[in-house]
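Below are the chains, spelled out letter by letter.
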Amino acid sequence: MSTVSSPASVERDLAAIVGEGQVARTDFEINGVVPAAVVSPGSPEEVGAVLRLANERDLVVAPAGGLTKQQIGGVPERIDILLSTTRLNKVEEYDPGDLTIAVAAGLPFAEMQSRLGEHHQWVPCDAANLERATIGGLLATGAAGPLKSTFGHMRDFCIGIQFVTTDGKVVKGGGRVVKNVAGYDLMKLLTGSYGSLAVITRANFKVFPRPRQTRTFVCAFHSLDEALNFRTRLFQSPLTPMCMEIVSPGASEYLRNPEPAHDPDDYAPEQPVSLPAVEWQIVLRAAGSDNVLARYARELGSAVTRTLEGAAEEQFWGWISHFEQGVLARHRNAMVLYTHLAIQNVGPALQALERTAPDYNLIPAAVGRAATGNLVLAFVPLSVDPPSAMQYANCVSAFRGMLPAGSSAEVAQCPTEAKLHFDVWGTTPTDVNMMRAVKRAIDPKNILNRGRFIV
Amino acid sequence: MDSSILRQLKKIAGKDAVLDRPEELMLYEYDAGVDKHRPGAVVFAQTTQQVSQIMRLASEKKIPVVPRGAGTGLSGGAIARQQAIVLSLARMNKILEIDVPNQRAVVQPGVVNLELSNATAKHGYYYAPDPSSQKACTIGGNVAENSGGPHTLALGVTVNHVTGLEVVLPDGKVIELGGKAQDSTGLDLTGFFVGSEGTMGIVTRITVKLTKLPEHVATLLGIYNTVEDAANTVVAITQSGVTPAALEMLDGWMVRCVEANVHAGYPEDAAAVLLIELEGMREVVEEQAKAVSAVCLQQKAREVRHAKDEKQRQLLWLGRKTAFGAVGRVSPSYYTQDGVIPRTKVPYTLAEIERISKHYGLIIGNVFHAGDGNLHPLILFDSRDPKQTENSRKAAKEIMACCLKFGGSITGEHGVGLEKMGLMTAMFTEDDLEVMVRLRNAFNPDSILNPQKMIPDLHFCREITGPLPQPKVEPVAGVPA
């Protein structure tokens, strides 16, 4: 390690910037690495001072919010400072009339959403863990849920951003208005950069009127082909649902609350165990008046096997948003991938999942945005036969090998030991050398999230 | 331009693809904005490989290159400074692929915006961003400027519709960013690149999203006796929960100007009109049309007309989209502004523009994307009169100062280019700009591509700009402060 100063003197210097109580120890692990210190600055300027110090002393910094997505990515080389944004947690400005809001990066998303809810507005993002996940973390990870189908994701709502670079500069891009082309689009650059370019400290969003009424139509099919044919008919129809989700047969098990853990010796099933599900589902969520929803019911006709409303509907979409968490809650060693696919490659990617998983003794399960190609794929190990690290690696490479050209698929979750055997990010159609050049331009000493992201 | 350079350019692109005679170069010294500079040569590339070879040559010889599409830009982005090569992409104008199942089209940069929508309409799709110049402007230029248009209110601007780019870097290297997928693993360089105004690379192939044609469209014309009422309606519609596909405003002066030009049935005695379009499923549109009409009437609209057929609808839009041209009929020169303000500030800003108009004795017509607060005041002047010319620039600066005071932006869709470069320091700090320069240098390290555009030279900008005038904000009758 090239750290020039002792940990004690670093902690002293950090405390001089942020205050005594704001430097702490932690036992929180990020892919097996425990950060040496947790530092919680109280202002963007303090973030700047911390980063400047880290930059001078070659300390590796991991920006952090609600800690909901820290396990995504490669194994960090080391983490000298976990830079927590949780003290930057204010709604800075909210003008319901303009449909814009400015918030500090450490604010949990749900707090912003409930503030917007007072005026029947929202930012249409339904990623997971929004009670804890912060604005900055959601931006940095480009997080999204089923609403991405129509509304896009954080990059499409973010109209202004403030961040701090490793040389301590507090920088902004964009502004507070919904249309703006002055300067480079730094919002797009920072969204999905996984804390590897700069520390996001504030963001401005355009917000939307929240739909007053929605209804969900579950349509079940005997095969993937039938489900995809139905999707094609939907594309050709005048219907404009706000979510269009595809659910694989194996996923149904995770779209409900986990059962309480049983004592294995106390085996007393109440019901006969049902046969495994074989259905593929396309699930649509539509917004509008009674009249509009009646049109959906009419057009969808007999394809609909179940209609959801109210609390049951909210719960269902909550399960979809938390599919990955549902899988991991039951199978700690499951592997989860996020895909980026052309619309017509959704079918081949799901087939690749269904075919590769059994070859490695894994059970396939998937949900995802059928209209945008953003799928969440789970490879679930059998509890009787936990896979070896190499098996994960081989499974990923077999799966990726079956994806059509132009696709990309990053491994969001898998046991840390497996990550040493393959590249969690994989290939991407975007020029990686150019990404690295951008990284070098803004973090030349590579102190931010070293080893975690693709750059 | 050095004759050996010209020879090499001809060798790369062909003899008929290089212009160097003064009378030819004159045609390339301006765009649709106000600045003028004559380039050293114009070369028309026909392939990515040619673009790459031209860039390699220019990099070696350190000759600046300015990429250009149709030259319809309003901020001087496609104007060469010094002895630069203008690299025209206008001949790379093929639609390479219409991929309906994937809802994508792959086009060369010189494809005209409207031609893509025309080509895809038979499949039930169109290309959503619709700048007013869409009959002429190219998609490559739209990518450079991140162009908007009236119908980007609900559907988003160019960046929301581009998923893939092939880019030639200044050293001639060809790279790919994104593709047909909505997004891809890693940094979103596609999104970052859009709107970089030709300062990062030259786009040679573009993958765009195609949007399903709506089942139903309703076009409403709200007619008002005062500008304030129209402006208040914009605020009220925004808050009502309806997001129209387009929400445009024309003031009385513009209405008369446009009506004289296209005879679309715009009421010539109105103080302002709102052109409102609603799109989507029939039931949704019908409900929204009712709701929006009610809001208009509540906000004291004199009348709300519904376009009765497609012909009338097209005529109303023709009026809106040719508004700048209509002004050309009545004024020797005009200066198009492009400022953005928070939507609730539309009434105050219009009052301020009125004050500026009176102060300088210049007519200022207003036609703009009211729904997203993107103003386009047109300042009329006679360029033969130096006093008027000077005043038009002063008035423009005051309008921009007003936008900034309200927390707005100096450009919503026309770009910074040459025109607004001096104003960048009013919106961004030196640190902001320095980081932008560093990022640009990752793509364009020697600033061979479109030099001295968009991001001002940090050491000189203060002296050039000077302080902005302080706007006086008068209370507006009927509008709570």
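Throughout, a residue's number is its position along its own chain's written sequence, starting from 1. All chains are assigned letters beginning at A, and all ligands numbers beginning at 1, according to the order in which they are written. Given that this is a predicted model, residues contribute local features only at a pLDDT of at least 70 and side-chain atom pairs are listed and counted only at 80 or more, while totals for whole chains, interfaces and linings are drawn from all residues.

Could you clarify how one ought to interpret the overall build of chain A in this entry?
In DSSP terms, a helix is any run of H or I states spanning at least four residues, a strand is any run of E spanning at least two, and both are numbered starting from the N terminus. From N to C terminus, chain A includes 15 helices and 19 strands. In terms of C-alpha radius of gyration, chain A reaches 23 Å, essentially the compact-globule figure of 23 Å for 455 residues. With respect to the three principal axes, the spread of C-alpha positions in chain A is 65 × 55 × 45 Å. Exposure is read from a count of other C-beta atoms within 10 Å of each residue's own; the residue is exposed at 12 or fewer, buried at 20 or more and partly exposed in between. C-beta atoms are placed from the backbone. Going through the 455 residues of chain A one by one, you find that 56% of them count as buried. Sequence separation of at least 24 residues holds for 72% of the intrachain contacts in chain A that already meet a minimum separation of 6. It is over C-alpha atoms that the radius of gyration is taken, and the globule rule equals 2.2 Å times the number of residues to the power 0.38. The contact criterion used is a C-beta to C-beta distance within 7 Å, with each C-beta placed from the backbone.

Help me out: how do you make sense of the domain arrangement of chain B in this one?
By a widely used convention, the size of an interface equals the accessible area lost when the partners come together. All names here are of chain B. What marks off one domain from the next here is an automatic or database domain assignment. Assigned domains of chain B: these are domain 1 (3-88), domain 2 (95-212), domain 3 (215-327) and domain 4 (331-481). Between the C-alpha centres of domain 2 and domain 3 the distance comes to 29 Å. The partner domain 3 presents 9 residues to the 5 residues of domain 2 that form the contact. The nonpolar class holds Ala, Val, Leu, Ile, Met, Phe, Trp, Tyr, Cys and Pro. Asp, Glu, Lys and Arg form the charged class, and all remaining residues, Gly among them, are polar. Class assignment for the residues of the side of domain 2 that touches domain 3 results in 3 nonpolar, 2 polar and no charged.

For this particular structure, what's the right way to read the nonpolar core?
Side chains of a nonpolar character, in soluble globular proteins, are inclined to be buried together. Residues and elements named next belong to chain B. The term nonpolar core refers to a group of buried residues, namely Ala, Val, Leu, Ile, Met, Phe, Trp, Tyr and Cys, whose C-beta atoms join them within 7 Å. Membership of the largest hydrophobic core comes to 298 residues, with the highest contact counts inside it found for Val43 and Val273. Ranked by residues supplied to this core, first place goes to helix H14 (residues 386-405) with 8 residues. Those residues within four positions of Val43 in sequence are excluded, and the remaining contacts are Leu9, Ala13, Ala17, Val18, Ile54, Ile85, Leu87 and Ser88.

What am I meant to see in unusual backbone geometry here?
Excluding glycine, residues mostly have negative phi values, and the peptide bonds linking residues are mostly trans. Although it is not a glycine, Asn31(A) sits at a positive phi angle of roughly 50°. Relative to the helices and strands, Asn31(A) resides in the loop between strand E1 (23-24) and strand E2 (37-39). For Asn31(A), a count of 21 C-beta atoms within 10 Å translates into the label buried. Residue Asn450(B) is not a glycine yet carries a positive backbone phi of 40°. Mapped onto the elements of the fold, Asn450(B) is located in the loop between helix H16 (430-443) and helix H17 (461-465). Judged by the 31 C-beta atoms lying within 10 Å of it, Asn450(B) falls in the buried class.

Please clarify how the environment of Arg25(A) should be interpreted in this entry.
Residues and elements named next belong to chain A. With respect to the helices, strands and loops of the structure, Arg25 is situated in the loop between E1 and E2. With 11 C-beta atoms counted inside 10 Å, the residue Arg25 sits in the exposed group. Residues Arg25 and Ala287, spaced 262 residues apart in sequence, show a C-alpha to C-alpha distance of 47 Å.

Sorry, what's going on with the interface of chain A and chain B here?
Taken together, the 65 residues of chain A in the interface contact 69 residues of chain B. Secondary-structure elements contributing two or more residues to the side of chain A that touches chain B are helix H6 (154-157), strand E9 (170-174), helix H7 (186-190), helix H9 (290-300), strand E19 (408-413) and helix H15 (432-442) of chain A. The class makeup of the residues in the side of chain A that touches chain B is 27 nonpolar, 25 polar and 13 charged.

Explain the packing of helix H8 (residues 227-240) of chain B against helix H10 (residues 282-298) of chain B here, please?
Residues and elements named next belong to chain B. In this analysis, axes come from line fits to C-alpha atoms, helices being fitted only over the stretch in contact, and the angle between any two N-to-C directions falls in the range 0 to 180 degrees. Two elements in contact, H8 and H10, have axes whose closest approach is 9 Å; the angle formed by their N-to-C orientations is 145°. Helix-helix and strand crossings are classified by hand; for H8 and H10 the assignment is right-handed. Counting all contacts with H8, which are made through Thr233, Ala236, Ile237 and Ser240, the residues of H10 involved are Ala291, Val292, Val295 and Cys296. Class assignment for the residues of the contact of H8 with H10 results in 6 nonpolar, 2 polar and no charged. In this scheme the crossing of two helices becomes right-handed for a clockwise turn of the near helix relative to the far one and left-handed for an anticlockwise turn of less than a right angle.

Honestly, the environment of Asn232(B) in this entry has me stumped. Any pointers?
All names here are of chain B. Take Asn232: it is sitting in helix H8. The exposure class of Asn232 is buried, given the 22 C-beta atoms found within 10 Å. Sequence-wise, Asn232 and Pro101 are 131 residues apart; in three dimensions their C-alpha atoms are separated by 43 Å.

I would appreciate a short explanation of the sheet that holds strand E6 (residues 100-104) of chain A in the present structure.
Neighbouring strands of a sheet are bound in pairs by backbone hydrogen bonds; such pairs are parallel or else antiparallel. Residues and elements named next belong to chain A. Strand pairing requires that DSSP identify at least two bridges connecting the strands. Taken in spatial order, the 5 strands of this open sheet run E5-E6-E10-E8-E9, and their pairing is antiparallel. Each of the sheet's edge strands pairs with one partner strand only, and the pair in question is strand E5 (91-95) and E9. If you compare each strand with its neighbour and ignore which way they point, the axes differ by 10° on average. Along the sheet face, helix H2 (residues 44-57) touches strand E8 (158-164), E9 and strand E10 (199-206) and points at about 45° away from the line of E8.

Is there a simple way to explain the domain arrangement of chain A in this structure?
Residue and element names in this part refer to chain A. The assigned domain composition of chain A is domain 1 (91-209) and domain 2 (214-258 + 278-419). Between the C-alpha centres of domain 1 and domain 2 there is a distance of 26 Å. A per-class count over the side of domain 1 that touches domain 2 returns 5 nonpolar, 3 polar and 2 charged.

Looking at this structure, I do not really get the packing of helix H12 (residues 346-359) of chain A against helix H13 (residues 389-402) of chain A. What am I missing?
Working note: a packed helix pair is described by the angle between its axes plus the distance between those axes. All names here are of chain A. Where H12 contacts H13, the two axes come as close as 9 Å, and the packing angle between them is 155°. Comparing the axis directions of H12 and H13 gives the class roughly antiparallel. The hand of the H12/H13 crossing is right-handed. Contact residues: H12 offers Ala352, Leu353, Thr356 and Asp359, while H13 offers Cys395, Ala398, Phe399 and Met402. To sort the angles, those under 35 degrees are grouped as roughly parallel, those over 145 as roughly antiparallel, those from 65 to 115 as roughly perpendicular, and the leftovers as oblique.

Explain the pairing of strand E12 (residues 216-224) of chain B here, please?
The side chains of a regular strand alternate, residue by residue, between the two faces of the sheet. Residue and element names in this part refer to chain B. Burial of E12 is extensive: 7 of the 9 residues sit out of reach of the surface. The pairing of E12 with strand E14 (residues 272-280) spans 9 bridges and is antiparallel. Within the sheet, the bridge partner assigned to Val217 lies in E14 and is Glu279. Relative to strand E15 (residues 301-306), E12 is paired through 5 bridges, and the arrangement is antiparallel. Looking at the pairing, Gly222 lines up with Val304 of E15.

How should helix H8 (residues 224-236) of chain A be read in this particular structure?
Since there are 3.6 residues in each turn of an α-helix, residues three or four apart along the chain are aligned in direction. All names here are of chain A. Expected helix span is given by 1.5 Å per residue-to-residue step, counting one fewer step than there are residues. Across its 13 residues, H8 extends 19 Å between first and last C-alpha, which sits within 8% of the 18 Å expected from 1.5 Å per residue. Every buried residue of H8 is accounted for by Ala227, Phe230, Arg231 and Leu234. Down the axis of H8, the smallest arc covering the buried residues is 105°, so these residues share one side. Along H8, exposed side chains directed more than 90 degrees from the buried face belong to Asp225, Thr232, Arg233 and Gln236. In this structure, the buried side of H8 is in contact with strand E12 (214-221), strand E13 (243-247) and strand E14 (280-287). The arc in question is formed by the directions pointing from the helix axis toward the C-beta atoms.

How should I be thinking about the sheet that holds E2(A) in this particular structure?
All names here are of chain A. As summarised here, the arrangement of the 4 strands in space is E1-E2-E4-E3, forming an open sheet in which the pairing is mixed. At either margin of the open sheet sits one strand with a lone partner, and together these are E1 and strand E3 (61-64). Relative to strand E4 (residues 81-84), E3 runs parallel, the two being bridged by 4 bridges. Paired with Ala64 across the two strands is Ser84, which belongs to E4. Packed onto the sheet, H2 meets E2, E3 and E4 and runs at close to 165° relative to E4.

Got a minute to help me understand helix H1 (residues 7-18) of chain A in this structure?
Residues and elements named next belong to chain A. With 12 residues, H1 should reach 16 Å at 1.5 Å per residue; the first-to-last C-alpha distance of 16 Å fits that figure. Inspection of H1 places Val10, Leu14 and Val18 among the buried residues, and these make up the whole buried set. The buried residues of H1 occupy one face: seen down the axis, they fall within an arc of 55°. Away from the buried face of H1 by more than 90 degrees, exposed residues Ala8, Ser9 and Ala16 are located. Contact partners of the buried residues in H1: E1, E2 and H2. Where H1 terminates, the next one or two residues include Gly19, which has phi positive at roughly 100°.

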